[in-house]
Amino acid sequence: MIAGLELREVTRSFARVAVVRGVSFTLRPGEVCGYLGANGSGKTTTVRMLTGLLPPSSGDIFYNGQNIEANPGAYKARLGYVPEEAYLYPQLSGVEYLELAGGLRGLGAAQLKKKIGGALEILGLSSSGESTLDTYSKGMKQKILLAAAMLHNPDLLILDEPLSGLDVAAVLLVRSIFAALARRGKIILHSSHDMSEVEKVCSRVIVLHQGRVEADDSVANLETLTKRATLEDVFTTLTRQTDTSRSAEDLVALMET
Amino acid sequence: MRVLFRFFLRSFFISEVVAQGAEPQVLAITAAAFFAAPGIAICFCMTTMGSAINTDPVEAFFLALSMILSALLALVLWDDLLPTPLDYLILRPQPIPWRTVVLAKLLAWGVLMSLFMAVVNLFSCSMLPIVNTADQVTGIYLLRRMGAQALGVAAGSAWMFLWIAAIRGAVALVGDARQWARAARLALTAAFLAAIVVSPELTEPSIYHHLALHPPWWCAPLFWFLGIAHGLNGRAAAAWTPLAWEGARQLAVAVPVAAASYGLACWRLPRRALAAASGRVRAPWPSAMASRQPRRAAVYRFTLAMLARSRRHSLLLAAWLGLALAAVLASLASLSWSVPSPSLAQTDVVALAAPLALCALIAVGLRHAYAIPAEVRANWLFRVSETEPAPERLLAARDVMLVLAVLPPLVLGGLLAWRIWGWEAALLHLLFAGSLMLLCVEVLLARFPKIPFTCPYVPGRANLKLWGFGYWLAFSTFAFGSAAMERRWWASPARIVVASAMVLAATAALRLYGNRWRGALPGCKFEDAPEPVVQQLFFGAGTDLSRS
């Protein structure tokens with residue numbers, strides 16, 4: 001039995017077009033893994049399959065050796081998720097949203113009160129906890145989502161662009177949170193297209209291009225293998241990105257006509 | 001100015017509250033047909049009645065209807081009454097003076113209201129003077145009567161609209177009192193909807209003449225503006241003249257009050273748009289009555305908060321509450337006509353049925369609201385945290401229904417019964433009505449597999465065209481049939497106890513069935529499939545659009 005999360009030849013198609021094609025990788029406890037890819041590369045679809053929101057068209061996902069479809073409830077109980085877009089219920093206050101998220105995980109009122117109070121204090125949201133989420137900035141919503149994902153102390157955290165909209169102090173805090181969680185043996189999958197951030201946070205990187213895994217290694221190894229100085233250069237090489245300066249010139253010229 | 005005017009006019013039809021995703025033109029035509037229907041139907045019926053017809057009560061009804069509808073339109077489009085903070089943030093950086101934006105908004109409202117009132121009253125204003133055979137007039141006098149009715153309607157509707165606009169402006173100035181403002185708006189909506197249901201009573205000549213002789217305070221505005229119509233049409237009795245002057249005076253008061261309140265709110269809007277709203281909220285009061293099971297309690301609190309704060313859901317519930325209120329008003333009226341208070345065995349069935357009708361209409365309203373999604377893309381939270389079998393979460397919908405649809409009618413009905421018939425009769429009435437209310441809740445939620453507001457809505461499921469009569473029959477049997485039985489059995493209370501026990505047994509059996517059915521579900525339902533005929537046309541089926 002493999003401890004951790006394992007994907008075996010996972011494919012997902014929409015209207016007969018494969019968006020994720022035969023993706024396989026394994027994440028072990030204590031690992032913080034970056035999941036990189038350009039827009040439309042299949043990152044979010046993979047994440048949705050990992051969270052049980054979308055079933056794979058083919059292939060299997062295992063958690064601690066057990067297919068997640070065999071007992072989805074047990075798998076979801078160990079899972080924390082931060083979605084790409086901050087889809088929340090704007091009519092609820094921050095505290096109410098966290099109470100909902102924690103309550104749905106079966107946490108009791110007293111336990112929740114303690115956890116929510118502490119989390120809001122640490123994330124700097126104490127003063128706005130009673131305000132509805134429609135008055136929150138993007139960064140504040142992101143903090144609420146992070147807190148909601150961690151309330152039930154999950155073993156596996158799947159985060160889709162978790163740092164988007166956060167201020168510098170919050171980004172530093174979240175980086176430290178990732179490190180602390182990894183030290184406690186949690187698995188973190190950090191899906192992003194922010195190369196510099198992934199480079200700072202993750203011990204390992206999986207690069208996805210047109211639905212396939214192009215590379216899966218540590219940041220240092222990838223830089224050595226591709227003979228590039230930064231992860232951004234590695235990514236550009238692996239995903240065969242077009243010349244951006246040329247595209248920029250073309251667009252500006254088009255607008256001038 | 002023209003672009004802004006069109007933008008604001010169009011925005012009324014694409015309002016989230018009115019109909020999300022509907023084609024504005026289709027919506028406008030459907031609404032026009034719907035609101036023109038009473039005028040066409042009543043005028044047609046009157047032309048076929050023959051002999052001497054006095055249309056005064058019908059004219060009063062159309063004036064009342066117009067006043068109520070103008071208020072309702074303003075309440076439904078409450079957020080669009082003023083330019084919104086978003087309008088300010090988007091339009092202010094453009095080279096457009098702010099007063100142009102406000103004027104365009106006012107112009108759009110003026111056009112919308114004029115069109116709306118024209119649709120509602122076109123037939124009644126033009127046909128009723130012709131149909132009126134009591135004092136037949138021709139030529140210029142006919143035109144004068146048509147114009148008088150139109151002016152009365154316009155004045156009454158404008159007066160209502162101006163006061164709603166004034167309240168809207170005042171609420172915007174108060175700023176943070178959002179919960180009170182929301183509650184006031186919903187109460188007004190429910191009251192006006194109830195008034196619509198009750199207003200056809202005006203067409204009954206005896207009621208009309210009774211009210212006209214001694215107009216009570218709650219329908220005084222109707223008679224002010226009726227006074228204007230009668231004063232202008234040249235056939236008014238002397239009694240109408242002071243009412244007409246009162247109408248003119250009230251309109252003269254409403255105009256500056258609305259202008260001041262509205263203008264001040266528009267002037268303060270930039271400050272509000274740029275200042276961060278605190279948006280502080282408190283949990284709705286029944287939240288304290290949550291279950292001890294965490295998942296059930298979480299869904300229960302979520303449901304209550306959404307019902308209280310989601311604009312679309314609260315308006316929908318207010319509409320059902322308006323119907324329920326109308327039923328209660330009718331019962332209270334039937335009780336107040338009987339002095340001294342009759343014994344329960346002699347009481348009007350409508351009065352006995354009031355708590356049941358109230359419960360049924362609120363419960364159906366809740367069931368309707370549950371099926372309408374709120375922020376459907378946010379339902380991922382429920383999906384990724386589905387770690388236990390479905391029943392615990394699904395039972396929350398029933399908890400909310402018990403608290404909102406059973407408890408208030410039961411308490412109100414019990415108090416009323418105790419006051420009129422004494423405590424023994426009240427206890428029996430409570431037992432019988434309470435058991436039926438519990439049965440109603442079980443029937444409505446027996447096979448409901450969703451967490452409220454989390455599943456997309458597929459219209460047409462209720463199939464009102466086919467089942468509408470059946471639903472009405474079920475409601476009538478439940479409320480009025482049961483009340484008639486209660487009244488008949490009143491002589492031997494043992495019968496009521498036995499009947500209540502049988503209803504409770506049926507409720508328990510249905511609850512058992514529901515629990516087993518929920519227990520067998522693989523999970524809560526978050527996707528709804530269209531009707532089979534739509535699936536066969538491949539509209540919706542197999543087109544998953546969730547892409548990375």
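Residues numbered from 1 in each chain as written. Chains lettered and ligands numbered in written order. Predicted model: local features only at pLDDT ≥ 70, side-chain atom pairs only at ≥ 80, totals over all residues. Heavy atoms only, no water.

### Structural notes on the interface of chain B and chain A
Quick note on the threshold: Throughout, a contact is declared for two residues whenever any of their heavy atoms are within 4.5 Å. Accessible area that two parts lose when put together, evaluated with a 1.4 Å probe and summed over both, is termed the buried area. One side-chain nitrogen of Lys or Arg within 4 Å of one carboxyl oxygen of Asp or Glu is enough to make a salt bridge. Counted as a polar contact is a pair of N or O atoms within 3.5 Å, where, for protein atoms, one must be capable of donating a hydrogen and the other of accepting one, and residues adjacent in sequence contribute only when both atoms are in side chains. Numbering goes from the N terminus for both helices and strands, where a helix is a DSSP run of H or I of at least four residues and a strand is a run of E of at least two. The residue classification treats Ala, Val, Leu, Ile, Met, Phe, Trp, Tyr, Cys and Pro as nonpolar and Asp, Glu, Lys and Arg as charged. All others, Gly included, are polar.
Counting from both sides, the interface comprises 35 residues of chain B and, opposite them, 42 residues of chain A. Carbon and sulfur atoms supply 59% of the area buried between chain B and chain A, which totals about 3400 Å² over both sides. Here chain B and chain A share one salt bridge between them. The salt bridge involving Arg309(B) is made with Glu96(A); its shortest N-O contact spans 2.6 Å. Along the contact surface separating chain B from chain A lie eight residue pairs in polar contact (both at pLDDT 80 or more). For the side of chain B that touches chain A, the elements supplying multiple residues, two or more each, are α11 (294–309) and α14 (380–384) of chain B. The element that contributes the greatest number of residues to the side of chain B that touches chain A is α11(B), accounting for eight residues. Within the side of chain B that touches chain A, the residues separate by chemical class into 15 nonpolar, nine polar and eleven charged.

### Things to note about the pairing of strand β9 (residues 204–209) of chain A
Residue and element names in this part refer to chain A. In plain terms, the rule: Note on classification: 1.4 Å probe, protein chains only; a residue is buried when its accessible area is under 20% of the maximum for its type, exposed when over 50%, partly exposed between these limits. A pair of strands is labelled paired if DSSP reports no fewer than 2 bridges between them.
Most of β9 is tucked away: six of the six residues are buried. Neither face of β9 is left uncovered, since the one carrying Arg 204, Ile 206 and Leu 208 and the one carrying Val 205, Val 207 and His 209 both have all their residues buried. Bridge analysis of strand β3 (residues 32–37) against β9 gives five bridges, and the strand direction is parallel. Among the inter-strand pairings, Leu 36 is bridged to a residue of β9, identified as Val 207. One ladder, built from five bridges, connects β9 with strand β10 (residues 212–217); its direction is antiparallel. Across the sheet, the residue bridging to His 209 is Arg 212, located in β10. Hairpin remark: β9 followed by β10, antiparallel, with two residues in the connecting loop; positive phi at Gln 210, about 50 degrees.

### Things to note about the sheet that holds strand β7 (residues 156–160) of chain A
Residue and element names in this part refer to chain A. For clarity, the cut-off: Orientation is described by lines fitted to C-alpha atoms, with helices fitted over the stretch in contact, and by angles between N-to-C directions that extend from 0 to 180 degrees.
Pairing within the open sheet is mixed, and its six strands lie in the order β6-β7-β8-β3-β9-β10. Looking along the sheet, the strands with just one partner apiece sit at the ends: β6 (79–82) and β10. Across the sheet, the mean angle separating the axes of adjacent strands is 15 degrees when strand polarity is ignored. On top of the sheet, helix α6 (residues 168–183) reaches β3, β7 and β8 (187–192); it is set at about 145 degrees to β8, its chief contact.

### Considerations on the confidence of the model for chain A
We count it as follows: For every residue, the pLDDT score states the predictor's confidence, bounded by 0 at the bottom and 100 at the top.
Here chain A averages 87 in pLDDT, and 91% of its residues register 70 or above. Mean pLDDT values for the elements of chain A range from 66 in helix α9 (residues 231–238) of chain A up to 95 in helix α3 (residues 94–104) of chain A.

### Overview of helix α5 (residues 138–150) of chain A
Our working definition: For a helix, the expected span equals 1.5 Å multiplied by the number of residues minus one.
The end-to-end C-alpha separation of α5(A) is 19 Å, in line with the 18 Å expected for 13 residues at 1.5 Å each. Residues Gly139(A), Gln142(A), Lys143(A), Ile144(A), Leu145(A), Leu146(A), Ala147(A), Ala148(A) and Ala149(A) constitute the buried set of α5(A). Among the structural elements, β6, α3, α4 (109–122), β7 and α6 of chain A together with α14 of chain B are those in contact with the buried residues of α5(A).

### A word on the sheet that holds strand β5 (residues 66–67) of chain A
All names here are of chain A. With respect to topology, four strands assemble into an open sheet ordered β2-β1-β4-β5, the strand pairing being antiparallel. Sheet topology places β2 (17–27) and β5 at the edges, where each strand pairs with a single neighbour. Examined bridge by bridge, strand β4 (residues 58–63) and β5 share two bridges and lie antiparallel to one another. Bridged to Tyr 63 within β5 is Gln 66. Across the sheet, helix α1 (residues 43–50) lies against β1 (5–14), β2 and β4, angled at about 120 degrees from β1, the strand it touches most.

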